[in-house]
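# Summary of the model geometry
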Amino acid sequence: MSTAIRGEDGLARCPWGLSAPDYIAYHDEEWGRPVRDDQGLYERLCLEAFQSGLSWLTILRKREGFRAAFRGFDPEKVAAFGPDDVERLMADASIVRNRAKIDAAIGNARAALDIPGGLAATAWRFADPDAPAHADMADVPAYTDGSKALAKELKRHGFRFVGPTTAYALMQACGLVDDHLAGCHRRGAY
């Protein structure tokens, strides 16, 4: 079943939001809630990039490790990382140890500091508050014209690991689109 379904608490949710306790909290308290600050957007962008090819549940369960390893995702702190930090991160089992993704996170911190107007302002230019409510998970796109444009804009400013699919996941997670299914108790809540 891929339509919104009722959980044990009686609340209808997107089906993925009921598949594990970690997902219930993420679905209800965070996913789709507008994130309008640079540091928050930078964190989500990093986590979405690290998730590529992995389960989101893996990333959620390692999130506190990521936050500690990447100094709270403060772009100024991460932008100052050097080779010793990369080696420290590669040895840190509390995160996903992928050198290309680690290098991208550091490079993206530098790009986030340099992007005119800031990362959040740039991302929110591509928001789609009028995106249609989907009744079925099969109808939710993997990317949109807006996410293709956002990915292109971020790449133009030096960001890496941010293709249209990652950009769309970022848009969903940070409330730039509301992809909670029709009937989900979080649809339109923000």
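As shown above, the structure is provided for reference.
This section reports on the structure supplied with the text. Within each chain, residues carry numbers counting from 1 in the order of the written sequence. Thresholds applied to this predicted model are a pLDDT of at least 70 for local features of residues and 80 or more for the giving and counting of side-chain atom pairs; totals over whole chains, interfaces and linings are not thresholded and use all residues. Heavy atoms from the whole structure form the basis of all side-chain values; hydrogens and water molecules are not counted.

## Notes on the layout of surface pockets
With a probe scaled to a water molecule rolled over the atoms, the places where space remains empty come into view. The test is simple: Points on a 1 Å grid, built from protein atoms alone, make a cavity when a 1.4 Å probe fits but cannot get out and make a pocket when they are open with protein on both sides within 12 Å along at least 5 of 7 lines; residues with an atom within 4 Å of a point are the lining residues. Grid points are joined across faces, edges and corners, and a volume is the space filled by probe spheres set on the points. Runs of H or I in DSSP of at least four residues are treated as helices and runs of E of at least two as strands, each being numbered from the N terminus. Each residue gets one of three labels, nonpolar for Ala, Val, Leu, Ile, Met, Phe, Trp, Tyr, Cys and Pro, charged for Asp, Glu, Lys and Arg, and polar for the others, Gly among them.
Its volume calculated, the largest pocket comes out at about 390 Å³. Together, 17 residues line the largest pocket, and Trp 16, Trp 31, Met 137, Ala 169 and Gln 172 are the ones closest to its centre. Mapped by element, the contributors of at least two residues to the lining of the largest pocket are helix H1 (21-29), helix H2 (38-51) and helix H9 (164-173). Residue contributions to the lining of the largest pocket peak at four residues, all from H9. Taken together, the residues that form the lining of the largest pocket break down as twelve nonpolar, three polar and two charged. Surrounding the second largest pocket, 15 residues form its lining, Pro 129, Gly 175, Val 177, Asp 178 and Tyr 190 being those nearest its centre. Of the residues belonging to the lining of the second largest pocket, the class tally is eight nonpolar, three polar and four charged.

## What about the pattern of salt bridges?
Rules: Salt bridges are defined by distance alone: a side-chain nitrogen of Lys or Arg within 4 Å of a carboxyl oxygen of Asp or Glu. Throughout, exposure labels follow a simple rule: accessible area from a 1.4 Å probe, protein chains only, divided by the maximum for the residue type, with under 20% read as buried, over 50% as exposed, and the rest as partly exposed.
For the structure on display, the rule yields 14 salt bridges. With a closest N to O distance of 2.6 Å, Asp 9 and Arg 13 form a salt bridge. Residue Asp 9 is classed as partly exposed on the basis of its relative accessible area, which comes to 46%. On the accessibility criterion, Arg 13 (2% relative accessible area) is buried. Between Glu 30 and Arg 44 there is a salt bridge, with its nearest N and O atoms 3.1 Å apart. Of this pair, Glu 30 sits in the loop between H1 and H2 while Arg 44 is found in helix H2, placing the two residues 14 residues apart along the sequence.

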